[in-house]
Amino acid sequence: AKRYTITAKLALVALGFETVIGIIAGVLSGVRKGRFIDNLVLVSTLFVISIPIFVIGSVLQLVVGVQLGWFPITVSPQATLYELLLPGFVLGSVSIAYVARLTRNNLVDNLRADYVRTAIAKGLTRQRAIGMHALRNSLIPVVTFIGYDLGGLLGGAIITEKIFNIQGVGGY
(Lines give C-alpha, C1' and ligand atoms only; values in the text may rest on other atoms or scores of the structure.)
Protein backbone atom coordinates (compact mmCIF):
# COMPACT_ATOMS: atom_id res chain seq x y z
CA ALA A 1 0.00 0.00 0.00
CA LYS A 2 2.88 2.37 0.74
CA ARG A 3 4.46 1.83 -2.68
CA TYR A 4 1.17 2.01 -4.53
CA THR A 5 0.50 5.50 -3.19
CA ILE A 6 3.79 6.70 -4.69
CA THR A 7 2.90 5.15 -8.05
CA ALA A 8 -0.57 6.72 -7.85
CA LYS A 9 0.97 10.14 -7.14
CA LEU A 10 3.27 9.73 -10.13
CA ALA A 11 0.34 8.72 -12.35
CA LEU A 12 -1.73 11.71 -11.20
CA VAL A 13 1.13 14.11 -11.95
CA ALA A 14 1.46 12.54 -15.40
CA LEU A 15 -2.31 12.81 -15.87
CA GLY A 16 -2.15 16.51 -15.00
CA PHE A 17 0.57 17.14 -17.58
CA GLU A 18 -1.31 15.06 -20.13
CA THR A 19 -4.52 16.98 -19.62
CA VAL A 20 -3.18 20.52 -19.52
CA ILE A 21 -0.41 20.40 -22.14
CA GLY A 22 -2.21 17.99 -24.46
CA ILE A 23 -5.46 19.93 -24.61
CA ILE A 24 -3.76 23.31 -24.99
CA ALA A 25 -1.52 22.01 -27.79
CA GLY A 26 -4.49 20.34 -29.50
CA VAL A 27 -6.64 23.46 -29.33
CA LEU A 28 -3.86 25.70 -30.66
CA SER A 29 -3.22 23.23 -33.44
CA GLY A 30 -6.89 22.76 -34.30
CA VAL A 31 -7.73 26.44 -34.40
CA ARG A 32 -4.72 27.26 -36.58
CA LYS A 33 -5.03 24.33 -38.96
CA GLY A 34 -2.39 24.30 -41.68
CA ARG A 35 -0.24 27.00 -40.09
CA PHE A 36 3.12 26.82 -38.36
CA ILE A 37 1.81 25.89 -34.89
CA ASP A 38 -0.28 23.08 -36.38
CA ASN A 39 2.69 21.63 -38.23
CA LEU A 40 4.89 22.04 -35.15
CA VAL A 41 2.43 20.16 -32.94
CA LEU A 42 1.91 17.41 -35.50
CA VAL A 43 5.63 16.85 -36.08
CA SER A 44 6.56 17.04 -32.39
CA THR A 45 3.81 14.61 -31.37
CA LEU A 46 4.89 12.19 -34.08
CA PHE A 47 8.47 12.52 -32.83
CA VAL A 48 7.47 11.84 -29.20
CA ILE A 49 5.27 8.88 -30.11
CA SER A 50 8.08 7.26 -32.10
CA ILE A 51 10.68 7.39 -29.31
CA PRO A 52 10.61 4.73 -26.55
CA ILE A 53 9.82 6.02 -23.07
CA PHE A 54 13.13 4.89 -21.59
CA VAL A 55 15.00 7.03 -24.14
CA ILE A 56 12.87 10.09 -23.37
CA GLY A 57 13.38 9.53 -19.65
CA SER A 58 17.12 9.05 -19.87
CA VAL A 59 17.65 12.07 -22.12
CA LEU A 60 15.49 14.38 -20.00
CA GLN A 61 17.15 13.11 -16.83
CA LEU A 62 20.56 13.86 -18.31
CA VAL A 63 19.73 17.26 -19.82
CA VAL A 64 17.22 18.75 -17.38
CA GLY A 65 18.39 16.98 -14.24
CA VAL A 66 22.16 16.66 -14.54
CA GLN A 67 23.34 19.33 -16.97
CA LEU A 68 20.83 22.10 -16.17
CA GLY A 69 20.14 21.04 -12.58
CA TRP A 70 16.51 22.16 -12.66
CA PHE A 71 15.03 18.96 -11.22
CA PRO A 72 16.38 16.17 -9.02
CA ILE A 73 17.44 13.06 -10.93
CA THR A 74 16.25 10.63 -8.25
CA VAL A 75 13.20 10.65 -6.02
CA SER A 76 13.29 10.27 -2.25
CA PRO A 77 11.09 7.66 -0.53
CA GLN A 78 8.66 10.43 0.47
CA ALA A 79 8.21 11.42 -3.22
CA THR A 80 7.36 15.11 -3.00
CA LEU A 81 5.47 16.83 -5.79
CA TYR A 82 8.56 18.73 -6.94
CA GLU A 83 10.53 15.49 -7.23
CA LEU A 84 7.74 13.89 -9.25
CA LEU A 85 7.46 16.67 -11.86
CA LEU A 86 10.16 15.40 -14.22
CA PRO A 87 9.19 11.69 -13.91
CA GLY A 88 5.53 12.66 -14.30
CA PHE A 89 6.29 14.57 -17.48
CA VAL A 90 8.28 11.63 -18.84
CA LEU A 91 5.51 9.17 -17.97
CA GLY A 92 2.84 11.35 -19.54
CA SER A 93 4.81 12.45 -22.60
CA VAL A 94 3.42 9.86 -25.00
CA SER A 95 -0.09 10.44 -23.66
CA ILE A 96 0.37 14.19 -24.11
CA ALA A 97 1.01 13.53 -27.80
CA TYR A 98 -2.08 11.35 -28.14
CA VAL A 99 -4.30 13.86 -26.33
CA ALA A 100 -3.00 16.72 -28.50
CA ARG A 101 -3.70 14.80 -31.69
CA LEU A 102 -7.11 13.63 -30.52
CA THR A 103 -8.11 17.14 -29.46
CA ARG A 104 -6.87 18.64 -32.72
CA ASN A 105 -8.68 16.14 -34.94
CA ASN A 106 -11.97 16.42 -33.07
CA LEU A 107 -11.79 20.21 -32.99
CA VAL A 108 -11.09 20.43 -36.72
CA ASP A 109 -14.08 18.16 -37.40
CA ASN A 110 -16.37 20.16 -35.12
CA LEU A 111 -15.28 23.51 -36.55
CA ARG A 112 -16.63 22.35 -39.93
CA ALA A 113 -19.97 21.34 -38.41
CA ASP A 114 -23.17 23.17 -39.27
CA TYR A 115 -23.97 24.22 -35.69
CA VAL A 116 -20.68 26.15 -35.38
CA ARG A 117 -21.24 27.95 -38.67
CA THR A 118 -24.79 28.74 -37.59
CA ALA A 119 -23.59 30.13 -34.25
CA ILE A 120 -21.07 32.38 -36.02
CA ALA A 121 -23.72 33.45 -38.55
CA LYS A 122 -26.07 34.43 -35.70
CA GLY A 123 -23.46 36.82 -34.36
CA LEU A 124 -21.37 34.79 -31.93
CA THR A 125 -17.69 35.65 -32.05
CA ARG A 126 -15.36 32.99 -33.41
CA GLN A 127 -13.64 32.52 -30.05
CA ARG A 128 -16.96 32.10 -28.26
CA ALA A 129 -18.23 29.65 -30.88
CA ILE A 130 -15.04 27.63 -30.56
CA GLY A 131 -15.09 27.65 -26.76
CA MET A 132 -18.80 27.17 -26.14
CA HIS A 133 -19.75 24.87 -28.98
CA ALA A 134 -16.88 23.20 -30.81
CA LEU A 135 -14.50 22.65 -27.90
CA ARG A 136 -17.14 21.22 -25.59
CA ASN A 137 -18.13 18.59 -28.13
CA SER A 138 -14.52 17.95 -29.08
CA LEU A 139 -13.50 17.16 -25.51
CA ILE A 140 -15.93 14.25 -25.08
CA PRO A 141 -13.61 11.64 -26.66
CA VAL A 142 -10.58 13.32 -25.08
CA VAL A 143 -11.99 12.99 -21.56
CA THR A 144 -12.86 9.38 -22.31
CA PHE A 145 -9.28 8.70 -23.41
CA ILE A 146 -7.84 10.45 -20.36
CA GLY A 147 -9.99 8.32 -18.04
CA TYR A 148 -8.94 5.18 -19.85
CA ASP A 149 -5.30 6.24 -19.82
CA LEU A 150 -5.15 6.53 -16.03
CA GLY A 151 -4.96 2.74 -15.79
CA GLY A 152 -2.29 2.66 -18.47
CA LEU A 153 -0.25 5.25 -16.60
CA LEU A 154 -0.39 3.16 -13.44
CA GLY A 155 0.86 0.12 -15.34
CA GLY A 156 3.38 2.00 -17.47
CA ALA A 157 4.98 3.64 -14.46
CA ILE A 158 7.29 0.65 -14.00
CA ILE A 159 9.85 1.85 -16.57
CA THR A 160 9.74 5.44 -15.38
CA GLU A 161 10.15 4.32 -11.78
CA LYS A 162 13.25 2.36 -12.72
CA ILE A 163 14.79 5.31 -14.59
CA PHE A 164 14.28 7.77 -11.72
CA ASN A 165 14.79 5.25 -8.88
CA ILE A 166 11.29 5.74 -7.49
CA GLN A 167 10.30 3.32 -4.75
CA GLY A 168 6.87 2.54 -6.19
CA VAL A 169 5.18 -0.61 -7.44
CA GLY A 170 7.69 -0.91 -10.31
CA GLY A 171 10.61 -1.09 -7.90
CA TYR A 172 8.78 -3.58 -5.72
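Heads up: the structure comes first, above all this text.
The residue numbering used here restarts from 1 in each chain and proceeds along that chain's sequence as written. Confidence filtering applies because this is a predicted model: local features only for residues at pLDDT of at least 70, side-chain atom pairs given and counted only at 80 or more, and all residues used for totals across whole chains, interfaces and linings. Water and hydrogen atoms play no part in the side-chain values, which are based on all heavy atoms of the structure.

A. Just the overall build of the chain, in detail. In DSSP terms, a helix is any run of H or I states spanning at least four residues, a strand is any run of E spanning at least two, and both are numbered starting from the N terminus. Along the backbone of the chain there are 6 helices and 0 strands. Going from N to C terminus, the chain has its helices and strands arranged as α-α-α-α-α-α. For the chain, the spread of C-alpha atoms along the principal axes amounts to about 60 × 35 × 25 Å. To sort residues, take the accessible area from a 1.4 Å probe on protein chains only and compare it with the maximum for the residue type: under 20% means buried, over 50% means exposed, and anything in between is partly exposed. Here the chain holds 172 residues, and 39% of them are scored as buried.

B. Inspection of the packing of helix H3 (residues 53-67) against helix H6 (residues 126-163) at higher detail. Close contact between H3 and H6 brings their axes to 10 Å; oriented N to C, the two are set at 30°. By the angle between their axes, H3 is roughly parallel relative to H6. Every pair of crossing elements has a handedness; the one defined by H3 and H6 is right-handed. Across the interface between the two elements, Ile53, Phe54, Gly57, Ser58 and Gln61 from H3 touch Ile159, Thr160 and Ile163 from H6. The convention used is that axes are lines fitted to C-alpha atoms, helices contributing only their stretch in contact, and that angles between N-to-C directions extend from 0 to 180 degrees. When describing relative orientation, an angle under 35 degrees is termed roughly parallel and one over 145 degrees roughly antiparallel, while 65 to 115 degrees is termed roughly perpendicular and anything else oblique. What makes a crossing left-handed is the near helix being turned counterclockwise from the far one by less than a right angle; a clockwise turn instead makes it right-handed. Contact definition: two residues touch when any of their heavy atoms are within 4.5 Å.

C. Geometry of the packing of aromatic side chains. Between the rings of Phe, Tyr and Trp (Trp by its six-membered ring), a pair exists once the centres lie within 6.5 Å; its type follows the angle of the planes, with under 30 degrees stacked, over 60 edge-to-face, and the other angles tilted. One pass over the structure, following the stated rule, counts 3 aromatic pairs. With a centroid separation of 6.4 Å and 70° between ring planes, the pair formed by tyrosine 98 and phenylalanine 145 is classed as edge-to-face. Of this pair, tyrosine 98 sits in helix H4 (residues 81-111) while phenylalanine 145 sits in helix H6; the two residues are 47 residues apart in sequence, bridging distant segments of the chain. Accessibility expressed as a relative area gives 40% for tyrosine 98, which makes it partly exposed.

D. Quick look at the environment of tyrosine 82. Mapped onto the elements, tyrosine 82 comes out in helix H4. Remark: the alpha-carbon pair of tyrosine 82 and proline 72, spanning 10 residues in sequence, is separated by 8.5 Å. In this structure tyrosine 82 touches Trp70, Phe71 and Pro72, once residues within four positions along its chain are discounted. Counted as a polar contact is a pair of N or O atoms within 3.5 Å, where, for protein atoms, one must be capable of donating a hydrogen and the other of accepting one, and residues adjacent in sequence contribute only when both atoms are in side chains. Within the structure, the side chain of tyrosine 82 is placed 2.4 Å from the backbone oxygen of tryptophan 70, a separation counted as a polar contact.

E. Inspection of the side chain of asparagine 106 at higher detail. Looking at where asparagine 106 falls in the secondary structure, it is placed in helix H4. When neighbours within four sequence positions are excluded, asparagine 106 is seen to be in contact with Ser138, Pro141 and Val142.

F. Representation of the nonpolar core. Grouping buried Ala, Val, Leu, Ile, Met, Phe, Trp, Tyr and Cys residues that are joined through side-chain atoms within 4.5 Å yields what is termed a nonpolar core. Membership of the largest hydrophobic core comes to 25 residues, with the highest contact counts inside it found for Leu84 and Ile166. For this core, the secondary structure elements donating two or more residues are helix H1 (2-31), H3, H4 and H6. Among the elements that line this core, the one with the most residues is H1, at 7 residues. Each residue touching isoleucine 166, except ones within four places of it in the same chain, is listed here: Ile6, Leu10, Val75, Leu84, Pro87, Thr160, Glu161 and Gly171. With 8 residues, the next largest nonpolar core counts Val116, Ala119, Ile130 and Leu135 among its residues.

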